Amino acid sequence: MRTGRLRTVHPVLWAGWAALAAGAVLCVIGWYGVSGERYAERQLPYLASCTVPGAALIVAGAVLLTHGRGALAAARVEELYGLLVAAEPADAEESGQVAAIPLAVSGDLLMVPGGTLWHRADCPLVAGKVEAVPVDAKLLTSGELGPCPICDPAEETG
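The following paragraphs examine the structure supplied in this document.

Thresholds, definitions, all that
- All residue numbers refer to position in the chain's written sequence, counted from 1.
- Whole-chain, interface and lining totals are the exception, using all residues; otherwise, since this is a predicted model, local features are given only for residues with pLDDT of at least 70 and side-chain atom pairs are given and counted only at 80 or more.
- No hydrogens and no water enter the side-chain calculation; it runs on all heavy atoms of the structure.
- A run of H or I in DSSP becomes a helix once it reaches four residues, and a run of E becomes a strand once it reaches two; helices and strands are each numbered from the N terminus.
- Working definition: with a 1.4 Å probe on protein chains only, accessible area under 20% of the residue-type maximum means buried, over 50% means exposed, and in between means partly exposed.
- Pairs of residues are marked as contacts when any of their non-hydrogen atoms sit within 4.5 Å.
- Here the accessible surface of atoms and residues is derived via Shrake-Rupley with a 1.4 Å probe, and residues count as covered only by protein chains that are part of the display.
- Throughout, nonpolar core names a set of buried Ala, Val, Leu, Ile, Met, Phe, Trp, Tyr and Cys residues whose side chains join them through atoms within 4.5 Å.
- Any Lys or Arg side-chain nitrogen located within 4 Å of an Asp or Glu carboxyl oxygen qualifies as a salt bridge.
- A pair of strands is treated as paired once DSSP finds two or more bridges between them.
- Working rule for helices: expected span equals 1.5 Å times residues minus one.
- Values of bend correspond, residue by residue, to the angle between axes fitted over the seven residues ending at that residue and the seven starting there.
- Each patch is built from salt-bridge-free residues with over 30% relative accessible area, joining like charges within 9 Å and nonpolar side chains (Val, Leu, Ile, Met, Phe, Trp, Tyr) within 5 Å.
- To get an axis, a line is fitted to the C-alpha atoms, and for a helix only the part in contact is used. The angle between two axes follows their N-to-C directions and goes from 0 to 180 degrees.
- For classification, angles of less than 35 degrees are called roughly parallel, those exceeding 145 degrees roughly antiparallel, those between 65 and 115 degrees roughly perpendicular, and all remaining angles oblique.
- By the definition used in this description, the sense in which the near helix is turned from the far one sets the handedness, with an anticlockwise turn below a right angle giving left-handed and a clockwise turn giving right-handed.
- Three classes are used: nonpolar for Ala, Val, Leu, Ile, Met, Phe, Trp, Tyr, Cys and Pro, charged for Asp, Glu, Lys and Arg, and polar for all others, with Gly counted as polar.

If you tally the helices and strands in the protein chain, you get six helices and four strands. Going residue by residue from the N terminus, the α and β elements of the protein chain occur as α-α-α-α-β-β-β-α-β-α. Counting across all 158 residues of the protein chain, residues that qualify as buried make up 23%. Contacts spanning at least 24 positions in sequence make up 60% of the contacts within the protein chain whose residues lie at least 6 apart. Of the roughly 10,500 Å² of accessible surface on the protein chain, a fraction of 64% belongs to carbon and sulfur atoms.

Take a look at the structure:
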């Protein structure tokens, strides 16, 4: 289920594609003008007026496309995160009250080796992962691991 915002193409992407197209057209025009001139001093105006600005537009278009796709990816991640943490009962919505219900309620604590968070055993982020191991008490006391924001294991242990 996608929102309307994700279905529309980001304006920065349109600007990026337009800059790439305009830059390519300018480079072709510059190349065509340069190819018809025999002497270098007669080729310089084509380089200065078409090829150099065309190359700059191509670079600008590539930067805009990269930025636009990054913004689109960030919007998708935010939507997915919202879907993951939205665990409200249906009757709470109708009454206007929003209850914070954790997604995981297990008392067993797990971590993924090399990770930075500790989780409850039934947390969606570690449930079913074979590489998840029980949390070492030394890591918890040293502060190397933080509590998972999704299952909120600190609520039970704190």
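Turning to the nonpolar core, a few remarks are in order. Residues Leu110, Cys123, Val126, Ala132, Cys148, Ile150 and Cys151 constitute the largest nonpolar core, which totals seven residues. Counting five residues, the second largest nonpolar core, distinct from the first, contains Leu109, Met111, Trp118 and Leu145.

This part is about the pattern of salt bridges. Opposite charge on two side chains permits pairing when their charged atoms draw close. Throughout the structure, instances matching the rule amount to one salt bridge. As a salt-bridge pair, glutamate 37 and arginine 42 come within 3.4 Å of each other at their nearest N and O atoms.

So, on to the sheet that holds strand β4 (residues 146-147). The strands making up a sheet associate through backbone hydrogen bonding, with each pair oriented either parallel or antiparallel. Spatial strand order, β3-β1-β2-β4: four strands in an open sheet with mixed pairing. The two strands at the open ends of the sheet, each matched to only one other strand, are β3 (133-134) and β4. Here strand β1 (residues 109-111) runs beside strand β2 (residues 117-120); their pairing, made up of three bridges, is antiparallel. Bridging across to β2, leucine 110 finds its partner in histidine 119.

Okay, helix α3 (residues 40-85) next. Along an α-helix, residues three or four apart share an orientation, since each turn contains 3.6 residues. If you check α3, its first and last C-alpha atoms are 65 Å apart, about what 46 residues at 1.5 Å a residue would give, namely 68 Å. Of all bends in α3, the biggest is about 50°, found at leucine 47. Here α3 has its buried residues at Cys50, Gly54, Gly61, Leu65, Gly68, Leu72, Ala75 and Glu79.

On the surface, a nonpolar cluster with roughly 290 Å² of combined accessible area is contributed by Tyr81, Leu84, Val85 and Leu125. Among the secondary structure elements, tyrosine 81 is positioned in helix α3.

This part takes up the packing of helix α2 (residues 11-35) against α3. Contact geometry for α2 and α3: axes closest at 7 Å, N-to-C directions at 160°. The pairing of α2 with α3 is recorded here as roughly antiparallel in orientation. Crossing angle aside, the handedness with which α2 passes α3 is left-handed. Of the residues in the contact of α2 with α3, the class split is 24 nonpolar, ten polar and one charged.

Residue position: tryptophan 31 is located in helix α2. For the pair tryptophan 31 and leucine 47, spaced 16 residues apart in sequence, the C-alpha to C-alpha distance is 8.0 Å.

Counted at 1.5 Å a residue, the expected span for α2 with its 25 residues is 36 Å, and the 36 Å between its end C-alpha atoms agrees. On its buried face, α2 is in contact with α3.

Moving on: the environment of tryptophan 17. Its location among the elements puts tryptophan 17 in helix α2. Given a relative accessible area of 47%, tryptophan 17 falls into the partly exposed group. Between the C-alpha atoms of tryptophan 17 and leucine 64, which are 47 residues apart in sequence, the distance is 8.3 Å.

What follows concerns the pairing of β2. If you look at the hairpin formed by β1 and β2, you'll find five residues sitting between the two strands, and glycine 114 has a positive phi there, around 85°. Taken together, the two bridges between β2 and β4 define a ladder with parallel strand orientation. When the bridges of β4 are listed, leucine 117 appears paired with glycine 146.

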